[in-house]
Amino acid sequence: MSRMTVNNRPVEFDLDPRTPLIYALREAMNLTGTKACGGGTDCGGACMVLVDGVALRSCAITLAEAEGRIIITIEGLSRDRAHPVQQAMVAQQAIQCGYCTPGIIIAATALLQRNPAPTREDIDAAIPNMCRCGVYPRLIKAVEQAGRVARRQERISAAPAPGITPEDAARAVPALRVPAPE
Ligand code: FES
């Protein structure tokens, strides 16, 4: 059994602990906002999720490695797309087909949490995600806009609240048990 917190909910996966996190999220929890995008060295970053506040490729993490961590997927950032990075991506028209968008928003959120006033070089370094539609110039404007919002709000949040512990979450809602496939 692999235990972790996903979008503010304690989850117990009765799956092979070698299972990549992305498959547990998408196939077992139906959190399909996290996109598969090649895997391994070809991974374009569309599978990124926040792991203890750090944007990581969920195709490259096993359930065993995610044990005890706090995972936030694109679905966990906001219930109504009201997160400042989501709003800025829409406002700057930095979304075309949208396949890369969840991973980019996750990477941008992680960046702005630690640095709400990033330079263009900071943005390039922190968001290595690939976009086959070429939204990069608009993406940079969107991150800068979200940064301005974050600075007004003093910090950008990644709801569920950063810093929540699995113990806190366990008190809030019962654990979701994801059984092994038949
Ligand atoms: Fe299509 Fe980025 S918007 S891959």
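Computed from a prediction, not measured in an experiment: that's the story for all the values here.

## Side note on the overall build of the protein chain
Part 1: A count of helical and extended segments in the protein chain gives eight helices and six strands.
Part 2: Tracing the protein chain from N to C terminus, the helices and strands come up as β-β-α-β-β-α-β-α-α-α-α-α-α-β.
Part 3: Considering the protein chain as a whole, with its 182 residues, one finds that 45% of them fall into the buried category.
Part 4: Considering only residue pairs separated by 6 or more positions, the protein chain has 67% of its internal contacts joining residues 24 or more positions apart.
Part 5: About 9,400 Å² of surface is accessible on the protein chain, with carbon and sulfur atoms providing 50% of the total.

## Some words on the packing of helix α4 (residues 84-91) against helix α5 (residues 101-114)
Geometrically, a packed helix pair is captured by the angle between its two axes and the distance between the axes.
Part 1: The geometry of α4 relative to α5 is characterised by a closest axis approach of 9 Å and an angle of 125° between their N-to-C directions. When the axes of α4 and α5 are compared, the pair comes out oblique. Along this stretch, α4 crosses α5, giving a crossing that reads as right-handed. Judged by residue contacts, V85, Q86 and M89 of α4 engage T101, I104, I105, A108, T109 and L112 from α5.
Part 2: Taken together, the residues of the contact of α4 with α5 break down into six nonpolar, three polar and no charged.

## Points about the packing of aromatic side chains
Part 1: Within the structure shown, the criterion is met by zero aromatic pairs.
Part 2: R132 extends its terminal NZ or CZ atom over the ring of Y99, reaching a point 5.4 Å from the ring centre.

## Let's talk about the environment of C47
Part 1: Within the secondary structure, C47 is located in the loop between α1 (21-28) and β3 (48-51).
Part 2: In sequence terms C47 and I106 are 59 residues apart; their C-alpha atoms lie 9.3 Å from each other.
Part 3: Excluding residues that lie within four positions of it along the chain, C47 makes contacts with I22, T34, K35, C37, L56, R57, S58 and C59.

## Quick word on the nonpolar core
Part 1: Counting 29 residues, the largest nonpolar core has M89, I127 and V143 as the members making the most contacts within it.
Part 2: Within the residue set of this core, elements represented by two or more residues are β3, α3 (74-77), α4, α5, α6 (120-126) and α7 (136-152).
Part 3: Counting residues per element, this core draws most heavily on α5, which supplies eight residues.
Part 4: When near neighbours in sequence (up to four residues on either side) are disregarded, V143 contacts A108, L111, L112, P118, I123 and I127.
Part 5: In terms of nonpolar packing, the next biggest core, distinct from the first, is built from 16 residues, V6, M29, L63 and A66 among them.

## Considerations on the state of the cysteines
Part 1: Under the counting rule described, the total for this entry stands at zero disulfides.
Part 2: With no disulfide of its own, C47 lies 3.6 Å from the sulfur of C43, the closest cysteine sulfur.
Part 3: The exposure class of C47 is buried, given its relative accessible area of 0%.

What counts and what doesn't
- Residues numbered from 1 in each chain as written.
- Predicted model: local features only at pLDDT ≥ 70, side-chain atom pairs only at ≥ 80, totals over all residues.
- Heavy atoms only, no water.
- Helix = DSSP H or I, 4+ residues; strand = E, 2+ residues; numbered from the N terminus.
- Buried < 20%, exposed > 50% of the residue type's maximum accessible area, 1.4 Å probe, protein only.
- Contact = heavy atoms within 4.5 Å.
- Areas by Shrake-Rupley, 256 points an atom, 1.4 Å probe, with all protein chains shown as cover.
- Axes fitted to C-alpha atoms, helices over the stretch in contact; angles between N-to-C directions.
- Parallel < 35°, antiparallel > 145°, perpendicular 65-115°, else oblique.
- Left-handed = near helix turned anticlockwise from the far one by under 90°.
- Nonpolar A, V, L, I, M, F, W, Y, C, P; charged D, E, K, R; others polar.
- Phe/Tyr/Trp six-rings, centres within 6.5 Å; stacked < 30°, edge-to-face > 60°.
- Lys NZ or Arg CZ within 6 Å of the ring centre and 35° of its normal.
- Core = buried A, V, L, I, M, F, W, Y, C linked by side-chain atoms within 4.5 Å.
- Disulfide = S-S within 2.5 Å.

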